[in-house]
Amino acid sequence: MEKEKVNFGMDDPALVNPHHVPVYNIKAVSRLVGLLPVTLRAWERRYGLPRPSRGDQGYRLYSEYDLRLLQWLKRHVDAGMSIGRAVEYLHELRAMGKDPLTEQAVVQPERPASLDALSQQFLNA
């Protein structure tokens, strides 16, 4: 199965939806989502998800939407669902016209709390 190359022409869906612009490499996605690169590649191979684009040199490039997808899948796996069942559930939701990924915001990595913020939280508690 041949992967599509990054294309920023007028027919590119990324121009229609900026959440589909491929910008993250596999190392960044691994860090942001908390999954090993080998797991990301296995899920892609076994379940067809996500479907990263490929850069000019063949490297995987992931979009914000891909991040949402992986976060959604990981959340269900962490809750005890098998990855295979999580993928089936996603397909079932999409077949019913529901896409849980369009309703979810991308979770940004936590920043270390400042001393002032921690002090304020302590005082509020």
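The preceding data block contains the structure.
All values derive from a computational prediction rather than experimental measurement. (Residues numbered from 1 in each chain as written. Predicted model: local features only at pLDDT ≥ 70, side-chain atom pairs only at ≥ 80, totals over all residues. Heavy atoms only, no water.)

Visitor: Before we go on, may I ask you to explain the overall build of the protein chain in this structure?
Guide: Assigned secondary structure in the protein chain consists of six helices and two strands. Going residue by residue from the N terminus, the α and β elements of the protein chain occur as α-α-α-β-β-α-α-α. Of all intrachain contacts in the protein chain linking residues separated by at least 6 positions in sequence, the fraction that spans at least 24 positions is 59%. Carbon and sulfur atoms make up 54% of the accessible area of the protein chain, which amounts to about 8600 Å² in all. (Helix = DSSP H or I, 4+ residues; strand = E, 2+ residues; numbered from the N terminus. Contact = heavy atoms within 4.5 Å. Areas by Shrake-Rupley, 256 points an atom, 1.4 Å probe, with all protein chains shown as cover.)

Visitor: Got a minute to help me understand the packing of aromatic side chains in this structure?
Guide: Note on aromatic pairs: each is described by the distance of the centres and the angle between the planes. Under the defined criterion, the tally for this structure stands at one aromatic pair. Ring geometry for Trp-72 against Tyr-89: centres 5.8 Å apart, planes inclined by 25°, an arrangement best described as stacked. Residue Trp-72 is found in helix α4 (residues 64-78), and its partner Tyr-89 is found in helix α5 (residues 83-95); the two are separated by 17 residues along the sequence. Owing to a relative accessible area of 29%, Tyr-89 belongs among the partly exposed residues under this scheme. (Phe/Tyr/Trp six-rings, centres within 6.5 Å; stacked < 30°, edge-to-face > 60°. Buried < 20%, exposed > 50% of the residue type's maximum accessible area, 1.4 Å probe, protein only.)

Visitor: Quick question: what am I supposed to make of helix α3 (residues 37-47) here?
Guide: Side chains that are three or four residues apart share a direction in an α-helix, a result of its 3.6 residues per turn. Where α3 is concerned, the buried positions are Leu-40, Ala-42, Trp-43 and Glu-44. Where α3 is buried, its residues touch α2 (26-33), β1 (53-54), β2 (60-61), α4 and α5. Just downstream of α3, Gly-48 is the residue with a positive phi angle, here 75°.

Visitor: How should α5 be read in this particular structure?
Guide: Its 13 residues place the ends of α5 18 Å apart at the C-alpha level, agreeing with the 18 Å of an ideal helix rising 1.5 Å per residue. Residues Ile-83, Gly-84, Ala-86, Val-87, Leu-90 and Leu-93 constitute the buried set of α5. Packed against the buried residues of α5 are α3 and α4. In the segment just after α5, Gly-97 is the residue with positive phi, at about 85°. (Expected span 1.5 Å × (residues − 1).)

Visitor: Please clarify how the pattern of salt bridges should be interpreted in this entry.
Guide: Side chains carrying opposite charge are able to pair once their charged atoms draw close together. Counted according to the given criterion, the structure contains six salt bridges. With a shortest N-O distance of 3.9 Å, Glu-44 and Arg-54 are connected by a salt bridge. On the criterion of sequence distance, the pair formed by Glu-44 in helix α3 and Arg-54 in strand β1 is long-range, its members being ten residues apart. Residue Glu-44 shares its accessibility class with Arg-54, and that shared class is buried. Measuring nitrogen to oxygen at the nearest pair gives 3.1 Å for the salt bridge that ties Arg-85 to Glu-92. Among the charged side chains, a salt-bridge network with shared partners connects Glu-44, Arg-54 and Arg-60. (Salt bridge = Lys/Arg side-chain N within 4 Å of Asp/Glu carboxyl O.)

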